[in-house]
Amino acid sequence: MSTKNRQSNMELLRIFSMLCIVVYHILLFGLDAHHPEEPLYKSLQIPFHVGVPIFVMISGYFGIRFSLRGLFRLLGMAYIYAIVIELLSVVFFSVPLGSAIKSMLVIGTGRHWFLTTYLWLYLLSPIFNRYFTDLDSRRRLYLGFILFFMVFYCGHLMKGDPSLESGKNIINFLFLYYIGNTIHYYESHLARIKWQILLLIYILFNSFVIWVGYEYQSTWQLPMIGNIWHRCFEYDSVGLYLNSILVFLLFSRLHFSSRVVNNIASSVFTMYLISVSFIWDTVRDISVWMSDTLDSPYFVIVASLILAIAFMIFSVIVDKLFSPLWRVLTNAGECIDKKINISENVR
């Protein structure tokens, strides 16, 4: 993936989002799963749960530019990593062959729910982009209200529609895409909000969440508000939307250019693909060992951050080793695209 003409602040945001995803998984599947008595491990999952929403918001901010070139690269990387990883799992970790073959299918499997949902967003993006281009403020508000009503009221509050529950669906991804696009639309107005105010709101909100985790560990229940965990953690919750938007706006205020940051950010997709493999199981086991060895949970959190960064560095190295193959995939998609010209026809 080319690192030219990229906004380094947004590329840094991609890296930060991936770091959040890795740390969140360490907290959820490693630390909290083995030490549920420690409230810090569960409380910190909320501020670190912003990774996936921010990724989709970044796509909405810039607008996905559909092409066979991009589609070949997206699916090619996913299937190549899946095949290599699952074959290694069968040979070295005695994973049943049937289970490995199912994981190799990638699309439609629960393990790759993000990739599957993002693929639908990618394929539908030409239609969304065309609509957003002609959207005035009143219709934009109307669309935002309808999407919010669907994902929050029907999916989150009432849970009356199984297709909308948990936020792991195309409607919620479209809403996040809409948020990113709307931030871009009102960028000049949002720039008037001082970054210090945004940072203060972010700190106060997450401090409150962590305090609730300590004080109401068993229930997370507050009068009039309800279960704070569900209101701030789930992918279709107001708290998660707020946290994600605040982080997005804070990074948008940074202005710098770095080829190193851009280059690392180009490997973020590899980080995600490797994170749903047996390699991740090793990271989880190391985090559990650290939690059993270190005296303080605060030391464990610091060690987990270092572990997450080490995992990301490993992923960057793997991605660069495979980069000649990614170029072949990209070139193949570009050649086919030139012959049938599908990208220009659907945009």
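If you're wondering where the values come from, they're calculated on a predicted model, not measured in any experiment. (Residues numbered from 1 in each chain as written. Predicted model: local features only at pLDDT ≥ 70, side-chain atom pairs only at ≥ 80, totals over all residues. Heavy atoms only, no water.)

Trainee: A description of the overall build of the protein chain should follow, citing residues and the corresponding values.
Mentor: If you tally the helices and strands in the protein chain, you get 17 helices and 2 strands. For 347 residues, the compact-globule formula gives about 20 Å, and the C-alpha radius of gyration of the protein chain, at 21 Å, lands near that figure. Taking the principal axes of the C-alpha coordinates as reference, the protein chain spans close to 65 × 60 × 45 Å. Within the protein chain, residue pairs in contact and separated by at least 24 positions form 80% of the contacts whose partners lie at least 6 positions apart. Counting every atom, the protein chain has about 17,300 Å² of accessible surface; 68% of that belongs to carbon and sulfur. In the protein chain, 26 positive and 21 negative side-chain charges are present, and the distance between their average locations comes to 13 Å. (Helix = DSSP H or I, 4+ residues; strand = E, 2+ residues; numbered from the N terminus. Rg over C-alpha atoms; globule rule 2.2 N^0.38 Å. Contact = heavy atoms within 4.5 Å. Areas by Shrake-Rupley, 256 points an atom, 1.4 Å probe, with all protein chains shown as cover. Lys, Arg positive; Asp, Glu negative; His and termini not counted. Charge placed at Lys NZ, Arg CZ, Asp CG, Glu CD.)

Trainee: Tell me what's going on with the side chain of serine 267, and back it up with residues and numbers.
Mentor: Mapping serine 267 onto the fold places it in the loop between α13 (259-265) and α14 (268-275). Setting aside residues no more than four positions away along its own chain, serine 267 makes contact with Val316, Asp319 and Lys320.

Trainee: Any details on the pattern of salt bridges? Residues and values, ideally.
Mentor: For the coordinates displayed, the defined rule picks out 8 salt bridges. The closest approach of N and O atoms between glutamate 11 and arginine 14, which form a salt bridge, is 3.2 Å. Of the two residues, glutamate 11 and arginine 14 both sit in helix α1 (residues 8-34), 3 residues apart, roughly one turn of that helix. Relative accessible area serves as the criterion here: at 3%, glutamate 11 is assigned to the buried category. The residue arginine 139 makes a salt bridge to aspartate 136 at a minimum N-O spacing of 3.6 Å. A relative accessible area of 40% means that arginine 139 is categorised as partly exposed. (Salt bridge = Lys/Arg side-chain N within 4 Å of Asp/Glu carboxyl O. Buried < 20%, exposed > 50% of the residue type's maximum accessible area, 1.4 Å probe, protein only.)

Trainee: Mind laying out the packing of helix α3 (residues 51-62) against helix α6 (residues 113-133), listing which residues take part and the relevant values?
Mentor: When two helices pack together, their arrangement is given by the angle between the helix axes and by the axis-to-axis distance. Between α3 and α6, the least distance of the axes is 12 Å, while the angle of their chain directions is 20 degrees. By the angle class used here, α3 and α6 are roughly parallel. Regarding α3 and α6, the two cross each other, and that crossing is right-handed. Two secondary-structure elements touch here, α3 through Val52, Phe55, Val56 and Ser59 and α6 through Trp113, Phe114, Tyr118 and Leu121. (Axes fitted to C-alpha atoms, helices over the stretch in contact; angles between N-to-C directions. Parallel < 35°, antiparallel > 145°, perpendicular 65-115°, else oblique. Left-handed = near helix turned anticlockwise from the far one by under 90°.)

Trainee: Residue-level account of a nonpolar patch on the surface, with values.
Mentor: Together, Tyr142, Phe145, Ile146, Phe149, Tyr153, Leu157 and Met158 give the surface a local cluster of nonpolar side chains, amounting to about 710 Å² of exposed area. Topologically, leucine 157 is positioned in helix α7 (residues 137-158). (Patch = residues over 30% accessible without salt bridge, like charges linked within 9 Å, V, L, I, M, F, W, Y side chains within 5 Å.)

Trainee: Can you tell me about the packing of aromatic side chains, naming the residues and giving the values?
Mentor: Following the criterion strictly, the structure yields 30 aromatic pairs and no others. Arranged with centres 5.8 Å apart and planes meeting at 25 degrees, the rings of phenylalanine 114 and tyrosine 118 form a pair that is stacked. Separated by 4 residues within a single helix, phenylalanine 114 and tyrosine 118 lie in helix α6, roughly one turn from each other. For tyrosine 118, a relative accessible area of 15% translates into the label buried. (Phe/Tyr/Trp six-rings, centres within 6.5 Å; stacked < 30°, edge-to-face > 60°.)

Any functional reading would require information beyond the geometric quantities listed.
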